[in-house]
Amino acid sequence: MNLSRKVEDIEISGIRKFYNKVVKVENSISLTLGEPDFKIPKEVKAAMKQAIDEDKTTYTSNEGIFELRKEISNYLSNMDIKFLPEEICLTVGGSEGLLDTFTAVLNPGDKVLIPSIAYPAYESCVKVVGGDVINYSLKDDLSIDFESLRESIKKHKPKAIVISYPSNPTGRVLTKKECEELHNALMDEELLIISDEMYSSIVFEEYHTISKYEDLKDRLILIGGFSKMFSMTGIRVGYVCAEKWLLQNIVKVHQYNVSCAPSIGQYGALGGLKNSMYHIEHIQKDLKERRDYVYSRLLAMGLEAKKPEGAFYIFPSIKRTGMTSEEFCEKLLNETKVAVVPGTAFGPGGEGYVRISYCYDREKLKEALNLMEEFLYNL
Ligand code: PLP
């Protein structure tokens with residue numbers, strides 16, 4: 001029997017693929033996961049327990065509880081992003097928000113511009129709903145190559161573009177200048193802007209976002225969530241923000257997909273936004289220290305890397321070893337039991353790079369980096 005060709009054509013994520021190899025290696029040290037190692041804040045836990053005790057376990061409205069949408073609206077306004085509570089829909093993590101969005105806006109054959117190094121879900125979501133992926137290039141410093149972006153827009157006339165900062169896997173955040181240049185490149189183009197800002201709460205320098213521009217707002221869709229913000233990846237609460245004409249289509253898909261985000265998780269996120277904002281300061285400070293440590297160790301090993309400005313990943317170049325990303329990661333795993341993810345798991349531009357997640361405890365990072373240093377020395 002033929003199953004969906006569109007689904008058969010997409011591959012399981014390269015991160016998972018590599019992770020499946022890693023779990024077979026006993027006592028490996030894995031720096032592969034995109035999961036915060038912080039505990040969920042106690043206020044978020046308390047709010048979820050209270051919601052259970054008060055029997056708030058029924059469906060919520062499709063869009064989610066209004067009070068939470070109001071708090072998200074306030075939270076975003078601190079970053080100059082203006083969405084009304086009515087323009088926000090709670091989802092089952094950002095993941096559901098992404099698939100709902102692509103389903104709601106694309107027709108078969110529509111083209112979507114995606115960075116050549118990006119979170120793998122974009123490509124799969126676009127393909128599963130019958131869209132075509134066009135990659136736009138990044139430069140060696142992992143910033144957008146604006147010349148090639150402008151050319152791609154002119155040549156392919158895409159329906160939408162995905163912007164993803166802070167970036168998983170590169171850790172890059174838009175500088176003020178890049179943000180302005182991106183705005184200039186997009187302002188006169190007739191295309192939807194899908195901005196995935198899942199890591200907006202983990203930024204070490206200034207935060208500049210394309211979502212703040214009022215003149216783009218009527219065609220901008222912002223995806224966010226609480227997985228990384230409150231270290232609650234398993235609770236599954238994210239959100240999508242867009243003006244009514246877009247959001248109503250997204251909510252339709254969301255409604256038939258899941259009805260609503262988990263009620264208990266929504267109350268947890270509400271508790272977090274009201275009472276756990278200290279957690280964000282804490283994780284930013286802590287991750288910044290780990291970033292500095294990992295960055296300086298990689299440079300000392302002779303690897304080139306752009307210093308990450310957000311999220312908890314670093315994306316060093318391994319080109320000088322002469323190996324492909326896959327070869328490097330396999331050899332590193334086999335010889336040292338240290339696991340990092342091949343850059344190619346993130347798209348065609350990722351060849352020659354590896355992704356290291358540094359959201360692991362310092363001892364583990366030190367041990368892994370010592371082994372990696374020795375490995376490079378012996379090559
Ligand atoms: N967007 C990016 C860039 C991510 O890295 C992730 C998860 O790692 C997601 C979206 C989805 O997050 P979640 O579904 O856990 O909210």
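As the structure is a prediction and not an experimental result, all values here were calculated from the model.

Draft legend 1. Fine view of the overall build of the chain. The helix and strand inventory of the chain stands at 13 helices and twelve strands. Radius of gyration (C-alpha) of the chain: 20 Å, near the 21 Å computed for a compact globule of 379 residues. Taken along the three principal axes of its C-alpha coordinates, the chain extends 60 × 55 × 55 Å. Within the chain, the proportion of its 379 residues that are buried is 56%. Relative to all contacts within the chain whose residues are 6 or more apart in sequence, the contacts with residues 24 or more apart total 76%. A distance of 1 Å separates the average location of the 48 positive side-chain charges in the chain from that of its 56 negative side-chain charges.

Draft legend 2. Fine view of the site of the ligand. Inspection of the region around the ligand gives Gly93, Gly94, Ser95, Tyr119, Tyr122, Asn168, Asp196, Met198, Tyr199, Ser227, Lys228 and Arg236 as its neighbouring residues. Within the side chain of Asn168, one N or O atom sits 2.8 Å away from an oxygen atom of the ligand. Note that an oxygen atom of the ligand is positioned 2.7 Å from one of the side-chain N or O atoms of Arg236. Bound to the protein, the ligand loses 93% of the 390 Å² it would expose on its own. The element contributing the most residues to the shell around the ligand is helix 5 (residues 93-105), with three residues. Tallied by class, residues from the shell around the ligand come to four nonpolar, five polar and three charged.

Draft legend 3. Structural detail: the environment of Glu26. Within the fold, Glu26 resides in the loop between helix 2 (14-22) and strand 1 (29-30). Separated by 192 residues in sequence, Glu26 and Asp218 place their C-alpha atoms 51 Å apart.

Draft legend 4. Region of interest: the state of the cysteines. This structure, assessed with the given rule, holds zero disulfides. For Cys125, which is in no disulfide, the shortest distance to another cysteine sulfur is to Cys89 and amounts to 16 Å. Its sulfur unpaired, Cys329 is 19 Å from the next cysteine sulfur, which belongs to Cys359. The exposure class assigned to Cys329 is buried, which follows from its relative accessible area of 0%.

Draft legend 5. Up close: the domain arrangement of the chain. Domain boundaries assigned for the chain yield domain 1 (5-39 + 279-378) and domain 2 (42-275). When each unit is reduced to the centre of its C-alpha atoms, the spacing between domain 1 and domain 2 is 25 Å. Each side of the interface is counted separately: domain 1 has 36 residues, and domain 2 has 33 residues. Regarding the contact of domain 1 and domain 2, the summed buried area is about 2900 Å², with carbon and sulfur atoms giving 61% of it. Per-residue buried area on domain 1 facing domain 2 is highest for Lys306, Glu309 and Phe346; these three make up 20% of the total on that side. At the boundary of domain 1 with domain 2, the tally comes to two salt bridges. Here Glu205 makes a salt bridge to Arg291, at a shortest N to O gap of 3.3 Å. The tally of links from domain 1 across to domain 2 stands at 15 residue pairs in polar contact (both at pLDDT 80 or more).

Draft legend 6. Focus on the nonpolar core. If you look at the biggest cluster of nonpolar residues, it comprises 66 residues, and the most contacted ones within it are Phe102, Ile221, Leu287, Leu298 and Phe328. Counting residues per element, this core draws most heavily on helix 13 (residues 362-377), at six residues. Looking at which domains feed residues into this core, each of domain 1 (5-39 + 279-378) and domain 2 (42-275) gives three or more. Here Leu287 is in contact with Phe38, Ile202, Phe204, Phe312, Tyr358 and Cys359, once residues within four sequence places are set aside.

Basis of the calculations
Numbers given to residues run from 1 along each chain, matching the order in which its sequence is written. Where totals are concerned, whole chains, interfaces and linings use all residues; where local detail is concerned, this predicted model gives features only for residues with pLDDT of at least 70, and gives and counts side-chain atom pairs only at 80 or more. Side-chain metrics rest on all non-hydrogen atoms present in the structure, leaving aside hydrogens and water. In DSSP terms, a helix is any run of H or I states spanning at least four residues, a strand is any run of E spanning at least two, and both are numbered starting from the N terminus. For a compact globule the rule gives 2.2 Å times the number of residues to the power 0.38, and the radius of gyration it is set against comes from C-alpha atoms. We call a residue buried when its accessible area falls under 20% of the maximum for its residue type, exposed when it is over 50%, and partly exposed in between, using a 1.4 Å probe and counting protein chains only. Two residues form a contact once any of their heavy atoms are found within 4.5 Å. Counting rule applied: Lys, Arg positive; Asp, Glu negative; His and chain ends not counted. Lys charges are placed at NZ, Arg charges at CZ, Asp charges at CG and Glu charges at CD. For this purpose, a residue is taken to be near a molecule or strand whenever a single non-hydrogen atom of the residue falls within 4 Å of it. N or O atoms within 3.5 Å of each other form a polar contact, as long as, within protein, one can give a hydrogen and the other can take it, and as long as residues adjacent in sequence are counted only when both atoms are side-chain atoms. Here the Shrake-Rupley method, with its probe set to 1.4 Å, supplies the accessible areas, and only the displayed protein chains count as covering residues. Ten residues, namely Ala, Val, Leu, Ile, Met, Phe, Trp, Tyr, Cys and Pro, are considered nonpolar, four, namely Asp, Glu, Lys and Arg, are considered charged, and the remaining ones, Gly among them, are considered polar. Cysteine sulfur pairs qualify as disulfides if the two atoms are within 2.5 Å. Annotation comment: domain bounds sourced from an automatic or database domain assignment. Note: buried area is the sum, over both parts, of the accessible area (probe 1.4 Å) each one loses when the two are combined. By definition, a salt bridge exists where a carboxyl oxygen of Asp or Glu is found within 4 Å of a side-chain nitrogen of Lys or Arg. What makes a nonpolar core is a set of buried Ala, Val, Leu, Ile, Met, Phe, Trp, Tyr and Cys residues whose side-chain atoms join them at distances within 4.5 Å.

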